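Residue-level listing of the chains:
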Amino acid sequence: MDVLTIAILFGHLLLGVVFCFFGNRWLKIILVVYGFAAGFMLCFTLLPIVTSLSDTLVLLISIGVGIVGAVVFVFLLYLGIFFIGFGGGLLLCLLAVSVFNLNILDWFVYVPIMIVCSLLGTLTLNNRRIFISVFTAFIGASALAQFINQLISGISLESLLLKTDQAIYATYSSTVYLVALAVLFVAGLVVQLTITSKKKN
């Protein structure tokens, strides 16, 4: 197991705990982490497909794009909040795609996904407390469930990064992943809503 795989695996653990249980309370920290993770993952996944750069160069560029993503999400707060809802919706849609065994590249699948994700992003902007709690708990629970699934089912960089349709299906249809996701999501949501209601009072 290489250093990158270990780093991404423990990134799932750390991000999962922060998002799942502290999403609403530590919003700016969440936006920094989320912006970095979104920029890094997008770049790290797409660059090898569209270029023939070395692995080291891809990693360095991905880190740079991640830093830019973090800065953008913090300074453009509402954009960051929108993408928390959008990202949570995307995870939900990927889960549905794997359950119904659909091809995400078919236009009649990805167009509705984009519409649903955009609507959920807008709802998150308009109802921040509830929707940020729901989506950060869900995103964090998903990362923690992925961590648990990897430990139990075998560690694989491809499935950690969800690089292929097979990796997406294998992860989101795993019983270990689904059970861990459900338990952690409920726990995270209860903790977040309890913390924010005390703060509000």
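Model, not experiment: these values are computed from the prediction.

Caption draft 1: Representation of helix α3 (residues 55-75). With 21 residues, α3 should reach 30 Å at 1.5 Å per residue; the first-to-last C-alpha distance of 30 Å fits that figure. Buried residues along α3 sit in contact with α2 (27-50) and α4 (77-99).

Caption draft 2: Region of the structure containing the packing of α2 against α3. Running from N to C, α2 and α3 cross one another at 145°; their axes reach a closest spacing of 7 Å. The handedness of the crossing between α2 and α3 is right-handed. Within the contact between the two elements, α2 uses Lys28, Leu31, Val32, Tyr34, Gly35, Phe36, Gly39, Phe40, Cys43, Phe44, Leu47 and Pro48 and α3 uses Val58, Leu59, Ile61, Ser62, Ile63, Val65, Gly66, Ile67, Gly69, Ala70, Phe73 and Val74. Among the residues making up the contact of α2 with α3, the classes are represented as 18 nonpolar, five polar and one charged.

Caption draft 3: Region of the structure containing the environment of serine 173. The topology assignment puts serine 173 in the loop between α8 (165-172) and α9 (175-200). Looking at serine 173, the relative accessible area reads 31%, which means it is partly exposed. Counting along the chain gives 166 residues from serine 173 to alanine 7, while the straight-line C-alpha distance between them is 24 Å.

Caption draft 4: How the structure looks around the packing of α4 against helix α5 (residues 107-126). Where α4 contacts α5, the axes come no closer than 7 Å and their chain directions differ by 140°. Classified by the interaxial angle, the pair formed by α4 and α5 is oblique. As α4 packs across α5, the resulting crossing turns out to be right-handed. In this structure, α4 contributes Tyr78, Ile81, Phe82, Gly85, Phe86, Gly89, Leu90, Cys93 and Val97 to the contact, and α5 contributes Val109, Ile113, Met114, Val116, Cys117, Ser118, Leu120, Gly121, Thr122, Thr124 and Leu125.

Caption draft 5: Region of the structure containing the packing of aromatic side chains. What the rule picks out here adds up to 13 aromatic pairs. Note on phenylalanine 40 and phenylalanine 44: the rings are 5.4 Å apart at their centroids and 10° apart in plane angle, and the pair reads as stacked. Of this pair, phenylalanine 40 and phenylalanine 44 both sit in helix α2, four residues apart, roughly one helical turn. Judged by its relative accessible area of 10%, phenylalanine 40 is buried. Each member of the aromatic cluster is reached from another via a ring pair, and the members are Phe19, Tyr34, Phe73, Phe82, Phe83 and Phe86.

Caption draft 6: Representation of the side chain of asparagine 24. Of note, asparagine 24 is situated in the loop between α1 (3-22) and α2. Polar side-chain contacts of asparagine 24 include one of 2.7 Å to the backbone oxygen of arginine 129. Setting aside anything within four residues of it in sequence, one finds asparagine 24 in contact with Arg128, Arg129, Ile132, Ser133, Thr136, Gln192 and Thr196.

Caption draft 7: Focus on α4. Spanning 23 residues, α4 covers 33 Å between terminal C-alpha atoms, matching the ideal 33 Å at 1.5 Å per step. Just beyond α4, the residue with positive phi is asparagine 101, at close to 55°.

Caption draft 8: Focus on the nonpolar core. Ile84, Ile113 and Leu181 are the most contacted members of the largest nonpolar core, which has 34 residues in total. Of all the elements in the fold, those that place two or more residues in this core are α1, α2, α4, α5, α6 (128-153) and α9. Ranked by residue count, the leading element in this core is α4, at nine residues. When residues no more than four places from it in sequence are discounted, the contact partners of isoleucine 84 are Leu27, Ile30, Leu31, Tyr34, Phe135, Thr136 and Ile139.

Conventions we followed
Residues numbered from 1 in each chain as written. Predicted model: local features only at pLDDT ≥ 70, side-chain atom pairs only at ≥ 80, totals over all residues. Heavy atoms only, no water. Helix = DSSP H or I, 4+ residues; strand = E, 2+ residues; numbered from the N terminus. Expected span 1.5 Å × (residues − 1). Contact = heavy atoms within 4.5 Å. Axes fitted to C-alpha atoms, helices over the stretch in contact; angles between N-to-C directions. Left-handed = near helix turned anticlockwise from the far one by under 90°. Nonpolar A, V, L, I, M, F, W, Y, C, P; charged D, E, K, R; others polar. Buried < 20%, exposed > 50% of the residue type's maximum accessible area, 1.4 Å probe, protein only. Parallel < 35°, antiparallel > 145°, perpendicular 65-115°, else oblique. Phe/Tyr/Trp six-rings, centres within 6.5 Å; stacked < 30°, edge-to-face > 60°. Polar contact = N/O pair within 3.5 Å; in protein donor to acceptor, adjacent residues only side chain to side chain. Core = buried A, V, L, I, M, F, W, Y, C linked by side-chain atoms within 4.5 Å.

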